[in-house]
Amino acid sequence: MRKIIYWVHASIDGFIAGPNGEFDWPAVGPELFAYSNGINEHVDTLMYGRVVWDFMAAYWPTADADPETTDEHARSFAPYWRRTPKVVVSRTLEKAAWDARVIGANLAEEVAELKRGPGKDILLTGGAEVAASLTDLGLLDDYRIVIHPVVLGGGRRLFLEPKDRVGMTLVESRTFDSQTVMLRYERRP
């Protein structure tokens, strides 16, 4: 069965977006980009909540369009993003461009069907609400949380209040670029 990997950036004080929704604070360097690109080798479906989808769909389709860009991550990830099937979890969005399908009417059933399907793993990027819903449904398998060297003092929390306590097992930790730490957890049965 396919797994859902939750890839998310967080501040030291546990926020994934600043008080005004800003996401200009991640400290991303070459080691973190390399690790992120390595994850892509193990997934063949990208998953987003509607808010993150809007951000991704506005940036990634043309992120590598400028032939003089020096952003190596844009050069490598933009083509991957364009060609990879995407799933957007939303109760309000009816359709999405860029090879994306929208699910959400019956989240438990639709995601369980995705996981049973053929292929590699599924990568959920950001999206506290989707992550919380999938956690509550027992459908999120692998949590990869990158902690950045910033205190935001408020904003969107990394974890919304779960229905029940969720036990986790630490399976990996890594430091990137001498500034960020990735904590990888799997849910305890």
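Up top you'll find the structure we're talking about.
Here goes a summary of the coordinates provided. Computed from a predicted model, the values in this text were never measured in an experiment.

With that out of the way, let us pick up the pattern of salt bridges. One pass over the full model with this rule turns up nine salt bridges. For the salt bridge of Asp-44 with Arg-2, the shortest nitrogen-to-oxygen distance reads 2.6 Å. One end of the pair, Asp-44, is in strand β3 (residues 43-49); the other, Arg-2, is in the segment before β1 (4-11), with 42 residues separating them in the sequence. Residue Asp-44 is classed as partly exposed on the basis of its relative accessible area, which comes to 25%. Among the salt bridges present, the one from Arg-50 reaches Asp-54, with a minimum N-O distance of 2.4 Å. Here Arg-50 and its partner Asp-54 are both found in helix α2 (residues 50-59), four residues apart, which amounts to about one turn of the helix. A relative accessible area of 36% places Asp-54 in the partly exposed class. Sharing partners across several salt bridges, the network here consists of Asp-142, Arg-144, Glu-172 and Arg-184.

Ranked by internal contacts, the top residues of the largest apolar core, which has 25 residues, are Trp-7, Trp-60 and Trp-81. The set of elements that each furnish at least two residues to this core consists of β1, α1 (30-40), β3, α2 and α3 (72-83). With five residues, the top contributor of residues to this core is α3. Those residues in contact with Trp-60 that lie beyond four places of it in its chain are His-73, Ala-74, Phe-77, Ala-78, Trp-81 and Arg-82. Counting 23 residues, the second-largest nonpolar core is a separate cluster that includes Val-89, Ile-103, Ala-128 and Leu-134.

Right, let's get into the side chain of Thr-125. Position of Thr-125 relative to the elements: it lies in strand β6 (residues 121-125). Residue Thr-125 is classed as buried on the basis of its relative accessible area, which comes to 16%.

Further remarks concern the pairing of strand β7 (residues 142-148). Most of β7 is tucked away, with six of its seven residues classed as buried. Bridge count for β7 against strand β10 (residues 180-187) is six bridges, and the pairing is antiparallel. Each residue of the ladder has a partner; that of Tyr-143, found in β10, is Tyr-185.

Scoring rules and cut-offs
Residues numbered from 1 in each chain as written. Predicted model: local features only at pLDDT ≥ 70, side-chain atom pairs only at ≥ 80, totals over all residues. Heavy atoms only, no water. Salt bridge = Lys/Arg side-chain N within 4 Å of Asp/Glu carboxyl O. Helix = DSSP H or I, 4+ residues; strand = E, 2+ residues; numbered from the N terminus. Buried < 20%, exposed > 50% of the residue type's maximum accessible area, 1.4 Å probe, protein only. Core = buried A, V, L, I, M, F, W, Y, C linked by side-chain atoms within 4.5 Å. Contact = heavy atoms within 4.5 Å. Pairing = 2+ DSSP bridges.

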